[in-house]
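Residue-level structure breakdown
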Amino acid sequence: MLEPPVVIAVALLYLGLLFAVAWWGDKRADQGRSIIASPTIYALSMAVYCTTWTFYGSVGRAAVSGIGFLPVYLGPTLVMALGWIVLLKMIRIVKANRITSIADFISSRYGKSHGLGGLVTIIAVVGIIPYISLQLKAVSNTVSLLLSYPEIVMPHRSATMSVGADISFYIALILAAFTIVFGTRHLDATERHEGMVAAIALESVVKLVAFMAVGVFVTYGIYNGFGDIFDHVEAHHELRRLLTAIPSGAGYTGWFSLIILSGLAILFLPRQFQVAVVENVNEAHLKRAAWMFPLYLLLINVFVLPIAVGGQLHFAGQGVDADTFVLTLPMSQRQEGLTLLVFIGGLSSATGMVIVETIALSTMVCNDLVMPMLLRHNRAALAESKDLSGLLLGIRRGAIVVILLLGYLYFRLAGEAYALVAIGLISFSAVAQFAPALIGGMYWRGGTRGGALAGLSAGFAVWAYTLLLPSFAKSGWLPGDFLAQGFFGVDLLRPQQLFGLTGIDEISHCLFWSFLANIGAYVGVSLLRPPMVAEATQATLFVDALSETGQGGAVLWRGRAQVSDLQELVGRFLGPTRAQAAFAAFARRHGRDGNSTPEADAKLVQFAESLLAGAIGSASARVMVASVAKEEPLSIEEVMHILDEASQLRTYSRELERKSRELTAATLELQEANERLQELDRVKDDIMSSVTHELRTPLTSIRAFSELLRDDPKMHLADRERFLGLIVSEAERLTRLINQTLDLAKIESGRADWNGCELDLKEVVEQSIAATSQLVREKEAHVEVDLPDNLPLILADRDRLIQVMLNLLSNAVKFLTPGSGRIRVTLSRREDGLEVSVADNGPGIRPEDQQLVFEKFRQVGDTMTAKPSGTGLGLPISRRIVEHFGGQLWVESVPGEGATFRFTLPFAPAQPPADESPAA
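About the thresholds
- Residues numbered from 1 in each chain as written.
- Predicted model: local features only at pLDDT ≥ 70, side-chain atom pairs only at ≥ 80, totals over all residues.
- Heavy atoms only, no water.
- Helix = DSSP H or I, 4+ residues; strand = E, 2+ residues; numbered from the N terminus.
- Buried < 20%, exposed > 50% of the residue type's maximum accessible area, 1.4 Å probe, protein only.
- Contact = heavy atoms within 4.5 Å.
- Pairing = 2+ DSSP bridges.
- Axes fitted to C-alpha atoms, helices over the stretch in contact; angles between N-to-C directions.
- Arc of directions from axis to C-beta.
- Core = buried A, V, L, I, M, F, W, Y, C linked by side-chain atoms within 4.5 Å.
- Polar contact = N/O pair within 3.5 Å; in protein donor to acceptor, adjacent residues only side chain to side chain.
- pLDDT = per-residue confidence, 0-100.
- Phe/Tyr/Trp six-rings, centres within 6.5 Å; stacked < 30°, edge-to-face > 60°.
- Lys NZ or Arg CZ within 6 Å of the ring centre and 35° of its normal.
- Salt bridge = Lys/Arg side-chain N within 4 Å of Asp/Glu carboxyl O.
- Lys, Arg positive; Asp, Glu negative; His and termini not counted.
- Parallel < 35°, antiparallel > 145°, perpendicular 65-115°, else oblique.
- Left-handed = near helix turned anticlockwise from the far one by under 90°.
- Nonpolar A, V, L, I, M, F, W, Y, C, P; charged D, E, K, R; others polar.
- Expected span 1.5 Å × (residues − 1).

Moving on to the overall build of the protein. Regarding its fold elements, the protein presents 34 helices and 9 strands. Looking at the protein as a whole, 52% of its 920 residues are labelled buried. Partitioning the intrachain contacts of the protein with sequence separation of at least 6 by distance along the chain shows that 80% fall at a separation of at least 24.

Listed below in structure tokens is the structure:
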């Protein structure tokens, strides 16, 4: 039985596992051994997009609108597939400027404005509070359901009970405590949380497995597969509408709006910005995430419709909320293990969202709301403090608690009037207001701080009027006539039919008017005046982030500052020890002695500001650095000049790098040429050694025969003619050796001429046998041939191929015993070509010496017991010729039983397939 203690224990154990993974990940990161330096973990961490909205709410929406749940996942899929370059540019900008949040991003783009960062933070917090309430609602509902197991009892409305009796309140406090321990244990100048990312990746796997498990159970356990479920749909007229392409309730306008909103949400939700941009450790990981994250969305949605239809059929008329089908279906079948797994999957969906979202929001609240106020009103007190890291952590922890309590408050006031998906869409519409200022700031230099302030203010006001306030009115916390009659009773000001726009759903209505106001104000106000120096400077860095101009290197600061003052300033926020280590590392990277230069240069000032930006935000960091440094203002002309010089320097550096690569390539070519020359020298030495050895025998014979003729003038005419014949024979042998030497030298050096053409190998073999007939007769040997007709042609050089055959035949004749020698020449067909074999019944060759007969320039005759002397250079040349035309040459021999030389050559390319049988 699923008793309450069991449920609570399993939940706490799971949260403990997540904390252990996060602790281990942070420990490994501190040791310099990151566990998240993986594109797979990066892609899985992006699946924090799938909250309880996906886990429970998608089924609830599908039960009402059928495939109307899909646009929420089509938007992110299209962004990752087609708009990943925007995400890449955001990552480049964040890394180059040490940006820690979406508020910091927009603030930095428009001159590091405190006011703009504060406005973005307010919009984010107010806009995300409904989303956080969605998680509280889902978790509290599932806990309430499990506590009543095995009965299925829908949870009571929280608004009807006291706070002390409301389980949602305690869940909010538990999540707040867990998030504080999870994400604010220490202050990091980079605002990266490697342990958190590892835990989020694990949660993504858990919720995917849990959802697919219940999907398989419903589809193949309760029903007999997809076909059976859809047969039931066809049998129920009221369920057929779920499978229509565009449900009538939403229409094409609704689908388009949801695709736009969800596509923007994957970029601008604070938690998505945190995991996809701030926590990115390698921009190359984006390549895998571009297909792996959409695949994840596909997998987690495969069973949404079967579960929705199965729930509709199973709980017909029982009043079970469709948002709970994922849990109540296994509960109804008494599947306790599966029910517990589903609960853990839903808990993963909620905790992942709450942890990352509240960490991101608390950073924004600290850096862009609280710190600017402290700097404005208590700068002297801050200057006297030696370590402010504890204060910053305290602010962030307090912000986490406040944000979660605000989420609980919204849940009590308005959350129960909406389904899970509807609450999420309210938050999607809020963060969509960042799009004009953020995307416009990345691609339009003319955008100004005033334009961004005006656009965000106008868009946020319209969102609050058309979506947020109506949510309170529908819950009874605002007068009911507000929706029906509009503000001050003016019909044109009805919040969900503003200015008479009717016929579309409330989300599309809000998106139209808020974007119209936002974009119009942003562009209109920006065009009223040109950007100021700080705005133009940042515009160049942001707009050119993907080009060389935006790759850093231009230091836009001029003034005076002391290294000790900067280090002390950074130490107040990060701690003295960490600040000292950071400055020492900077000095080592730039080859400096940290104690030899008391005055800081522009690069060190920029480094100190970037460290502070990671802890307190870019705008506050600029203010704090200005408190210890005397900065000289730069004109717009000077800024452009510095940027131009930096661009020219980078161009020059790229040219030097290109020349360096060319020089390296040339050096490698020279090395290869030198190695080739050394090889040619070795070949030359081998040739000379071999030629000297080979020429010694015929020259010695000629000298001996000549001396006999000279010393014996009375020699008989028959003997004289015999010796003259021997001299001629040795001279011919000497000529062949010289020709072979020259031929092999050409082949080895690559200067040989090859005349390849299609040949009938049978004709080549017959011509070679005829050319060696005199040698065969002198040895009184017998030649047997087996040469089939109509064999396919091969591609080779006729003269060189005849040279191969002559070498093999003459080598076979050389070792025959006179009067009893036999040679058998065979031509046969193989799968890939033709094979020629020349077999003799001579003394044969030992197995260990068979390879030596083909080694270039090796005289092996003196080392073989079978004495195959005189092989000379013919066989090495023959092997080179055969291999040049794609064939092989080898020898098979048993000592005392003769030797068989074989070579193969492939068919000419245009010949028929090898499986055709040759003609008889």
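Read across the sheet, 5 strands follow the order 4-6-7-9-8 without closing on themselves; strand pairing throughout is mixed. The open sheet has two edge strands, strand 4 (782-786) and strand 8 (888-893), and neither has a second partner. On average, adjacent strands in this sheet sit at an angle of 15° to one another, irrespective of strand direction. Set on the sheet, helix 33 (residues 798-814) makes contact with strand 6 (822-829), strand 7 (833-840), strand 8 and strand 9 (899-906); between it and strand 9 the angle comes to about 170°. Against the sheet, helix 34 (residues 874-884) touches strand 8 and strand 9, its axis set at about 135° to strand 8.

On to helix 10 (residues 226-235). Listing the buried residues of helix 10 in full gives Asp 228, Ile 229 and Val 233. Axial view of helix 10: buried residues confined to an arc of 145°, hence all on one face. Along helix 10, exposed side chains directed more than 90 degrees from the buried face belong to Asp 231 and Ala 235. As for helix 10, its buried residues are in contact with helix 9 (194-222) and helix 14 (304-314).

The subject of this paragraph is the nonpolar core. Leu 87, Met 90, Phe 105, Phe 268, Ile 307, Phe 428 and Phe 434 are the most contacted members of the largest nonpolar core, which has 171 residues in total. Ignoring anything within four residues of it in the chain, the contact list for Phe 105 reads Met 90, Ile 93, Val 94, Ile 99, Phe 273, Leu 438, Met 442 and Phe 542. If you look at the next biggest cluster of nonpolar residues, it comprises 40 residues, including Ile 769, Val 776, Val 804 and Ile 845.

Let us look at the environment of Ala 422. Position of Ala 422 among the secondary structure elements: in helix 19 (residues 420-431). Between the C-alpha atom of Ala 422 and that of Leu 134, which follows or precedes it by 288 residues, the distance is 9.3 Å.

Let's shift gears to the environment of Ser 140. With respect to the helices, strands and loops of the structure, Ser 140 is situated in helix 7 (residues 114-147). Take Ser 140: its relative accessible area is 2%, and that puts it in the buried class. Considering only alpha carbons, one finds Ser 140 and Ala 172, 32 residues apart in sequence, at a separation of 9.4 Å. With sequence-adjacent residues up to four places away left out, Ser 140 is seen in contact with Ile 167, Ser 168, Ile 171 and Phe 411. Within polar-contact distance, the side chain of Ser 140 engages the backbone oxygen of Leu 136 at 2.8 Å.

Working note: regular strand, side chains alternate between the two faces of the sheet. When you tally the buried positions in strand 7, you get 7 out of 8 residues, the bulk of the element. When strand 6 meets strand 7, the two strands line up antiparallel, connected through 7 bridges. Bridge pairing in strand 7 links Arg 829 to Leu 834. Between the antiparallel neighbours strand 6 and strand 7 lie 3 residues. As paired elements, strand 7 and strand 9 share 7 bridges and run antiparallel to each other. Its bridge partner lying in strand 9, Val 838 is registered against Phe 901.

Turning to the confidence of the model for the protein, a few remarks are in order. On average, the protein scores 80 in pLDDT, and the residues at 70 or more come to 77%. Within the model, the stretch residues 856-871 combines pLDDT values under 50 with 43 contacts to residues more than four positions away or in other chains. This model gives residues 913-920 a pLDDT under 50, and the stretch forms 9 contacts once residues within four places in sequence are excluded.

As a further point, take the packing of aromatic side chains. A full pass over the atoms with the stated rule returns 21 aromatic pairs. Seen from the ring of Tyr 443, Lys 89 lies directly overhead, with NZ or CZ sitting 4.0 Å from the centre. Taking NZ or CZ as reference, Arg 109 lies 4.5 Å from the ring centre of Tyr 110, over its face.

A few words on the pattern of salt bridges. Summed over all chains, the structure comprises 12 salt bridges. When the shortest N-O distance is used, the salt bridge between Arg 271 and Glu 357 registers 2.7 Å. In this pair, Arg 271 sits in helix 12 (residues 270-278) while Glu 357 sits in helix 16 (residues 336-377), placing the two residues 86 residues apart along the sequence. Residue classification places Arg 271 among the buried residues on the basis of a relative accessible area of 0%. A residue is classified by how much of its surface remains accessible, and Glu 357, at 0% relative accessible area, is buried. With its nearest N and O atoms 3.8 Å apart, the salt bridge here joins Arg 830 to Asp 832. Judged by its relative accessible area of 33%, Arg 830 is partly exposed.

Let us now look at the side chain of Asp 797. Positionally, Asp 797 belongs in strand 5 (residues 794-797). Although Asp 797 is buried, it forms no salt bridge, and the closest oppositely charged side chain is Arg 800 at an N-O distance of 4.0 Å. A distance of 3.1 Å separates the side chain of Asp 797 from the backbone nitrogen of Asp 799, its partner in a polar contact.

Let us look at the packing of helix 15 (residues 325-332) against helix 16. Packing of helix 15 against helix 16 brings their axes to within 8 Å, and their N-to-C directions diverge by 165°. In terms of orientation, helix 15 lies roughly antiparallel with respect to helix 16. The two elements helix 15 and helix 16 meet at a crossing, and its hand is left-handed. Side by side, helix 15 and helix 16 meet where Val 326, Leu 327, Pro 330 and Met 331 of the first sit next to Leu 338, Thr 339, Val 342 and Phe 343 of the second. Counted by class, the contact of helix 15 with helix 16 contains 7 nonpolar, 1 polar and no charged residues.

A few words on helix 5 (residues 84-97). Over its 14 residues, helix 5 runs 20 Å from end to end, which matches the ideal 20 Å to within 8%, given 1.5 Å per residue. Listing the buried residues of helix 5 in full gives Val 86, Leu 87, Leu 88, Lys 89, Met 90, Ile 91, Ile 93, Val 94 and Asn 97. Trailing helix 5 by a residue or two, Arg 98 shows a phi angle of about 50°, which is positive.

Further remarks concern the side chain of Thr 179. On the secondary structure map, Thr 179 appears in helix 8 (residues 167-183). Given the relative accessible area of 0%, Thr 179 is considered buried. A distance of 2.7 Å separates the side chain of Thr 179 from the backbone oxygen of Leu 175, its partner in a polar contact. Ignoring anything within four residues of it in the chain, the contact list for Thr 179 reads Thr 184, Val 354, Ile 355, Thr 358, Ile 359 and Ile 400.

A few words now on unusual backbone geometry. Of the consecutive residues Tyr 149 and Pro 150, the connecting peptide bond is found in the cis state with omega at 10°. Phi angles above zero are rare outside glycine, and Arg 334 is one such case at about 55°. Inspection of the secondary structure assignment puts Arg 334 in the loop between helix 15 and helix 16. Take Arg 334: its relative accessible area is 47%, and that puts it in the partly exposed class. Even without being glycine, Asn 790 reaches a positive phi, approximately 55°. Among the structural elements, Asn 790 can be located in the loop between strand 4 and strand 5. Take Asn 790: its relative accessible area is 60%, and that puts it in the exposed class.

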